[in-house]
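# Topology and contacts: notes
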Amino acid sequence: MLIKPAFPPEIAARLRKNVKGALLTDMANRGRYATDASIYQQFPLAVFIPEDAEDLKTALAVAAEFAIPVLPRGGGTSQCGQTTGAALVIDNSHAFRHILEIDLKRAEVEVEPGLVLDHLNAKLKTSGLWFPVDVSTGAQATIGGMAGNNSCGSRSIAYGNMVHNVIGIEAWLANGKLGQFGPYAQSSGVAKELGIFVKGLAEQLQPEIEANWPKVLRRVAGYNLDVFHPQSELPYTNDGSVNLAHLLVGSEGTLAYFKSLRLKLAPLPQHKVLGVINFTSFYRAMESAQHLVKLGPSAVELVDRTMIDLARSNPSFKQVIETALVDSQAETPEAILLVEFSGESQAPLLAQLKSLQDLMGDLGLANTVVPMIDLGLQKNLWEVRKAGLNIMMSLKGDGKPVSFIEDCAVPLEHLADYTQALTEVFTKHGSRGTWYAHASVGTLHVRPILDMRRDGAQKMRAVAEEAAELVRRYKGAYSGEHGDGLCRGEWISWQFGPKITAALGAIKTAFDPHHLFNPGKIIDPPKMDEQILFRYPPNYAIIPLKPALDWSAWNVQNNPVTEAISAPGTGGDPALGLAKAIEMCNNNGHCRKFDAEVMCPSYRVTRDEKHLTRGRANTLRLAMSGQLEQDEISLSDPLASDAVKEVMDLCVSCKACRRECPTGVDMAKMKIEFLQRYKKRVGHSVRDLLVAYLPRYAPVISAIPGLPALLNLRNQIPFIAKLQQWLTGISAARSLPVWSAKTLWKNQAILQKKYTHSPDALLQGDGKGVVLFADTFNAYFENENLQAAIRLLETAGYRIHIPQPTKAARAKQAGCGKQFCCGRTYLAAGMVDEAKEQLSALLTHLHPYAERGIAIVGLEPSCLFTLKDEALVMGFGEQAITVSQQAQLLETFLVAELKAGRCHFNLQTAIKPVLVHGHCHQKAFAELTPTLELLKQIPNANPQLIESSCCGMAGSFGYEVEHITVSKKMAELTLLPAIRQVPNAWIVADGTSCRHQIQDGVQREAVHIARILAAHL
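Residues numbered from 1 in each chain as written. Predicted model: local features only at pLDDT ≥ 70, side-chain atom pairs only at ≥ 80, totals over all residues. Heavy atoms only, no water.

## Remarks on the overall build of the protein chain
Quick note on the threshold: Runs of H or I in DSSP of at least four residues are treated as helices and runs of E of at least two as strands, each being numbered from the N terminus. Between buried and exposed lies partly exposed: a residue is buried under 20% and exposed over 50% of the maximum accessible area for its type, with that area taken using a 1.4 Å probe on protein chains only. For every accessible area listed, the method is Shrake-Rupley and the probe measures 1.4 Å; residues are considered covered only by the protein chains on display. Note on charges: Lys and Arg go in the positive column, Asp and Glu in the negative column, and His and the chain ends are not counted at all. One atom stands in for each charge, and that atom is NZ of Lys, CZ of Arg, CG of Asp or CD of Glu.
Counting secondary structure elements, the protein chain contains 46 helices and 25 strands. For the protein chain, the C-alpha atoms occupy an extent of roughly 100 × 70 × 55 Å along the three principal directions. The buried share among the 1017 residues of the protein chain stands at 63%. Summing over all exposed atoms, the protein chain offers an accessible surface of approximately 37000 Å²; the carbon and sulfur share of this is 54%. If you average the places of the 103 positive and of the 101 negative side-chain charges in the protein chain, the two averages end up 6 Å apart.

## Some points on the pattern of salt bridges
For clarity, the threshold we go by: Salt bridge, as used here: a side-chain nitrogen of Lys or Arg that lies within 4 Å of a carboxyl oxygen of Asp or Glu.
Scanning the model with the defined rule gives 58 salt bridges in all. Among the ionic pairs, Lys679 bridges to Asp688, the shortest N-O distance being 2.9 Å. Each member of the pair Lys679 and Asp688 is classed as buried. Ionic pairing is found between Asp760 and Arg852, a salt bridge with its closest N-O pair at 2.1 Å. Placement of Asp760 in helix H32 (residues 759-762) and of Arg852 in the loop between helix H37 (832-851) and strand E21 (856-858) is noted, with a sequence separation of 92 residues between them. For Arg852, a relative accessible area of 42% puts it in the partly exposed group. Three or more residues are tied together by salt bridges with common partners; here these are Lys655, Arg658, Asp666, Lys669, Arg824, Asp869 and Glu870.

## Observations regarding unusual backbone geometry
In this structure, Asn587 takes a positive phi of about 70° despite not being glycine. Mapped onto the elements of the fold, Asn587 is located in the loop between helix H20 (578-582) and helix H21 (601-606). In this model, Lys655 sits at a positive phi of 70°, which is unusual for a non-glycine residue. Structurally, Lys655 can be placed in the loop between helix H24 (642-648) and helix H25 (656-660).

## What to know about helix H30 (residues 718-728)
Going by this rule: By definition, the arc is the one covered by directions from the helix axis to the C-beta atoms. Throughout, a residue-residue contact means that at least one pair of heavy atoms, one from each residue, lies within 4.5 Å.
When H30 is considered as a whole, its buried residues turn out to be Ala721, Gln724 and Thr728. The arc that holds every buried residue of H30, seen down its axis, measures 60°, which confines them to one face. Exposed side of H30, more than 90 degrees from the buried face: Pro718, Phe719, Lys722 and Trp726 are the residues found there. At its buried positions, H30 is contacted by helix H27 (686-692). Gly729 sits one or two residues past H30 and shows a positive phi near 85°.

## A short note on the packing of helix H1 (residues 9-18) against helix H3 (residues 53-65)
Selection rule: Inter-axis angles, ranging from 0 to 180 degrees, are taken between N-to-C directions of lines fitted to C-alpha atoms, where helices are fitted over the stretch in contact. Roughly parallel here means an angle under 35 degrees, roughly antiparallel means over 145, roughly perpendicular means 65 to 115, and every remaining angle is called oblique. Handedness of each helix crossing follows the sense of rotation of the near helix against the far helix: counterclockwise by less than a right angle gives left-handed, clockwise gives right-handed. Residues are grouped as follows: Ala, Val, Leu, Ile, Met, Phe, Trp, Tyr, Cys and Pro are nonpolar; Asp, Glu, Lys and Arg are charged; all remaining types, including Gly, are polar.
Two numbers describe how H1 lies on H3: the axes approach to 10 Å, and their chain directions differ by 155°. Classed by the angle they form, the pair H1 and H3 counts as roughly antiparallel. Crossing geometry of H1 relative to H3 is assigned as right-handed. Contacts from Ile11, Arg14, Leu15 and Asn18 in H1 reach Thr58, Ala59, Val62 and Glu65 in H3. When grouped by side-chain class, the residues that make up the contact of H1 with H3 number 4 nonpolar, 2 polar and 2 charged.

## A word on the pairing of strand E19 (residues 769-773)
Defined as follows: In this description, strands pair whenever DSSP reports at least two bridges between them.
Of all 5 residues in E19, 5 are buried, a share of seventy percent or more. Judged by which residues are buried, E19 turns out to be covered on both faces: Gly769, Val771 and Phe773 on one side and Val770 and Leu772 on the other are all buried. Inspection of the sheet shows E19 paired to strand E20 (residues 799-801) by 3 bridges, in the parallel sense. The residue of E20 that forms the bridge with Gly769 is Arg799. In this sheet, E21 lies alongside E19 in parallel orientation, the contact comprising 3 bridges.

## Considering the sheet that holds strand E9 (residues 178-181)
With respect to topology, 5 strands assemble into an open sheet ordered E5-E6-E10-E8-E9, the strand pairing being antiparallel. In the strand order of this sheet, the two ends are held by strand E5 (99-103) and E9, each with one partner. Direction aside, the axes of adjacent strands within the sheet are offset by 10° on average. Bridge analysis of strand E8 (residues 166-172) against strand E10 (residues 257-264) gives 6 bridges, and the strand direction is antiparallel. Counted as the bridge partner of Trp172 is Tyr257 from E10.

## Quick look at the sheet that holds strand E14 (residues 335-343)
If you walk across this open sheet you meet the 7 strands as E15-E12-E14-E13-E17-E18-E16, and the pairing is antiparallel. Two strands lie at the open edges of the sheet, namely strand E15 (369-372) and strand E16 (399-401), each paired on one side alone. Put simply, the sheet's adjacent strands are angled 15° from each other on average, direction ignored. Where E16 and strand E18 (residues 443-451) come together, 3 bridges link them in antiparallel fashion. Bridged to Pro401 within E18 is Ile449. The strands touched by helix H14 (residues 375-386) are strand E12 (271-279), strand E13 (299-304), E14, E15 and strand E17 (433-438); relative to E12, the strand with the most contacts, the crossing angle is about 55°.

## As for the packing of aromatic side chains
Our working rule: Note on ring pairs: Phe, Tyr and Trp rings are taken, using the six-membered ring of Trp, and paired if centres are within 6.5 Å. Classes follow the plane angle, with under 30 degrees stacked, over 60 edge-to-face and the rest tilted.
By the definition in use, this model includes 18 aromatic pairs. A centroid spacing of 6.0 Å and a plane angle of 25° characterise the contact between Phe181 and Phe511, whose relative ring orientation is stacked. In this pair, Phe181 is assigned in strand E9 and Phe511 in helix H19 (residues 498-511), connecting sequence segments 330 residues apart. Across the pair, exposure class does not vary: Phe181 and Phe511 are buried alike.

## Concerning the side chain of Ser38
Put simply, the rule is: We call two N or O atoms a polar contact when they sit within 3.5 Å, provided that within protein one can donate a hydrogen and the other can accept it, with sequence-adjacent residues counted only if both atoms are side-chain atoms.
Along the chain, Ser38 turns up in the loop between helix H2 (27-32) and strand E2 (46-49). Side-chain polar atoms of Ser38 contact the side chain of Asp36, separated by 2.5 Å. Leaving out residues up to four positions away in the same chain, Ser38 has contacts with Ser78, Gln79, Cys80, Gly81 and Arg535.

## What to know about empty space enclosed by the protein
Formally: A pocket, in this scheme, is an open set of points on a 1 Å grid over the protein atoms alone with protein on both sides within 12 Å along at least 5 of 7 lines, while a cavity is a set where a 1.4 Å probe fits but cannot get out; residues line either one if an atom lies within 4 Å of a point. Grid points are joined across faces, edges and corners, and a volume is the space filled by probe spheres set on the points.
Across all of its chains, the model carries 10 cavities of 30 Å³ or more by this definition. Lining the largest cavity are 24 residues, with Ile39, Met393, Lys400, Arg535 and Tyr536 sitting closest to its centre. Taken together, the elements giving at least two residues each to the lining of the largest cavity come down to E16 and E18. Here the residues of the lining of the largest cavity are counted per class, giving 12 nonpolar, 5 polar and 7 charged.

## Concerning helix H40 (residues 890-899)
Across the 10 residues that make up H40, a large majority, 8, are buried. Within H40, the full set of buried residues consists of Leu890, Glu891, Thr892, Phe893, Leu894, Val895, Glu897 and Leu898. Looking at the residues trailing H40, positive phi occurs at Gly901, about 75°.

## Re the packing of helix H34 (residues 783-795) against H40
The interhelical angle for the contact between H34 and H40, taken along N-to-C directions, is 10°, at an axis separation of 12 Å. In terms of orientation, H34 and H40 fall into the roughly parallel class. Along the contact surface, H34 presents Ala789, Leu792 and Leu793, while H40 presents Leu890, Phe893 and Leu894.

Right, here's the structure in full:
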C-alpha cells in the first residue's frame, strides 16, 4: 500500500495557528479520505476542514508558500479517483456549504461549493424553481464536486450538463489571486488574462478541435477548450457567447479552487407522466432510443434485466419495480425504458404518452408500455432507478462491478450496435456487465465484474482498449459523465490527439504554474492500472482473527459471468467473513444523506466523516489490513485499537445501515465485534456492568419491599443524581426509568394458572394462542404496557403464554435467570458470551412453540428484533431460525390477525391527533407499516408518522454523560420539534428509550401502542 508522508509538523503548526477549522494529520483520518467511490486509494498528506472562506484563503496561501499540493473534496463520491491524492485534502462539505444569494427574478442562485444538491433544491422548492442537473447521488453530491466533474443527471436531454447550467465561478488560483470567471465579454483581471490565453490556443487549434472533438452532448474529458468553437450538439450558452466559467467546469479541481458558483435555475415542472416500456430484447430497447427522443421526453432511462431481478429480490424495491412491469407474473423483461414527459400542464403530457404508445405499436411493440400518471408511483420508481448502481454493488465476493468504461457515450443511432459489441467483449474476457442509465443521450453505465485482487487489472486494461476502439468506431466520447480522474486520465490523449493534449497541459500551467492543484488528474495522469494506487494492491492482506459472530455468509466468492455465489465459509477470508463484510463498503456515500430515510444519525449531528457508516467501514478495513498506526494492539487485535474506538464511539447501533446501506454494511453487528474486543482489552466500567446485568438484578430489586421506591428518589433529589454521575458516568441531567412497584411477576399463582401453557394447550380448541415475551424493561419499569397488551390479546380471544423459566430449567442452564432475557443489554456492553447464554435459554424455551407455528409476540423492539437478527449469527442454527420466523411485534401480529379475520376490536373514536415515532429497529426491519395500520383501527385517529432518524437515546447511549449532548442534538433534528408542533397529540413510541427521550426533551408522555389501543377499547 502506498502511504505518503504526513504533513510537515512545522507547517501544520503554522496552519493550525491561523485557522478556525481542523487540520487532521493522523493515519486514521487521512485513511478515511484516502478513497472515494472508485477502485483507488491514496493517502492524503493531511485533511483540512475549513469553517469559512477565510480559512480556505489562509490554507491555500500556506500551501502555495510551501509548495503543498491541494485537493478539493465534496461528498467524496467520485467514481474515477478524482478525490484521492497525496495532497492537502480540503473537505468543503462540512461548513463551506451556504446559499449566498437567491435571485428569483433572474432565476439564479449563488452557492458555496460544499452545498449538497438536494439541500439546494429543497430550499428552492417553494419558489417553483430548481437546479435541474439531477444526479442520482443528489442527496450526497455537492455543487462544487458536480461542477468539478461536469455532472449530467437523468434529465440532461432537457436541461444539459453542469456546464450548461453554471453561469459564473469565483475561484482562487494557486498563487492566491481571486478570479471572477463569467461572460468573456465582461471579464477583467486575471480571468480576462487567462481567457485571452485560452482563446489563442483555441484559434490556433481550431482545425484539430473540429476534427477530434466528440460531437455528442456527453463529453466531459479534459478541459473545455472548445468554448470558443463549441462542438457539442447542445451549445454552451443560449446566445453563442463565451463564458469563462465553463473552462473550470469539468476541471476536477486542477485549475482553480472554487469560492462560489452562480447557477442558472429552471422552472420546477408542475406535471410529469411516465411511460415504462417493457422489452423482450435488450437490442430492441437500445435501437428504440433514437426514435423515442423525437417525442420530446425529459428523460429516457434504462434498467436491464439483471437490475430488475436484483430489485425484485430486495424487499425494499420488489413492490415498486413490479409496478413497472406489464405482467409481474410473467418472465422478467430483458430491459425497461423509463420515458418521462414533463411540463406546465398535464393534457399535453398525456398526449405525448399516447404518442409513445402509438410509436411502440408502429415499431411492432404494441402493448409494451405501462403508463404511470400517479406522481407517487413515479417517484418511487425513480428512486429504484437511482439506486441502480448501488444495487449492482451489493454482490458478495471479491468480484465486483468495476467502474472504468461505464460512461462512454455514442450517438444514438449506434447505441444498439455499441452495447452488443461491448457485451461480446465482456464475454471474451470472462465477465459480464449490467446496463443502466441514460439511453436518451447515448450514455449507458456498465460495469463488468472483475476481481481486482487477482486478475482484474489485466482484464480491465484489455476491456478498456477494446472499448476505446468501439468508441472510436462509433464516433463517441470515452468519458461521458463521471470525469477522468485516475481511471480515464490516460485516455485523454487517445481521445484528442497530441496537439490538443499539449494545449490542455498549457492551460494547466497557465492557471497553476507549479501544478499544485490536484496533481495527476487530467494532466500527467498515471496509468489506469497502476496497481500501487489500488484500494486492494497486490500486498493487501487481512490480519487473521476469529470474530465473535458468524460472518460466514460474507465469506464467499462469486462467478463473474453467472454471479453465482459459493457456499458460506469458502471465500478464504482470514477473518472468517468479517473482513469481506467490511469491504462491501464501496464508498458510494449513500450514508451521507440528511433529508431522506434515517441513516446515519451521528453524522447528521456532527458532519464528521468518522461518524459515518462509510468512515467507520473504512477505518475498520484499514485497521484489519494493518494500514493504521502500527503498535502491539493494532497488530495483535486490530479491532481493539483506539482508532476504531474513536469511530465507534457515536455509533448508536440503530441498524439503519442494515437496511439502507445499498451494499449491506451492518455497522451495528460490527460494533458488537469491536466492543467485545475493546472491553476485553480495557475492562468493563461500573456503568457497563450496571447496564449489562440489569436483567439479573432487576428481579432482586423488585422483590425487596420499598427498594424500588427508594431508588426512584434519584430522580427527585439532584444530589443523588450528581453522586451517581460521579460514581457511574450516568448523566445527572437525565431522569432514569422509574421502577414499578407492581410487576407481572408478583402474583406467581395467577401467572402459573392463567399464563403458563404448553404448546398443545395453547393451541387447543380454536387454536388462538400466542406467546407474549415479557422483556426486562416492560416487566420492571413499564408494567402498564404488558397489562395493556394482555388486555388487548384477551379481548381478541387469545390464550397467552408468558415465558418464565422453571426451577429445573434454571438449575440446568447457567444463563437462565428468574426471567428470560434476549441478551441485548449484554451485547451493548460487549459481553457476547453472556448474551449467548441468555439467548440460549430463551430460544430453548421458545423453540417448541415456534415449531408449532405459534406467534411469539414482543413489545420492546430492541429485544424482539434480537431474536430476528443477532440470534441468527450466534451459532444456534435451525433453532434460532425457527424462532425468528415466528417472532413479531404486537402490532405486526394483530394486523395480520385482523386481515385474516381472526380477531376484531371495538374501539372508541379518537378525540385528539396521533403522532408516531418509530423505533430504529422497526425502521431497519420495515415494521412501521403495521403500527400505522393498527392505529388506523381507532376511528378518526389518522396517525401521522414523524419522519425522523434515531431519537438519540439508543439504549444506554443517551444516559451516558459523555454522550448526552449528542443524544439531545439527535432528538432536536426532527423528532422533538415535530412533537412541539402538535401539543395536544397522543405520542406513540414502542421503544422504552424513545419514550424517555421524549419525556426529557418536551416533558410529554409518550405511550406504547398497546396502551393507546387499550385506552380506546
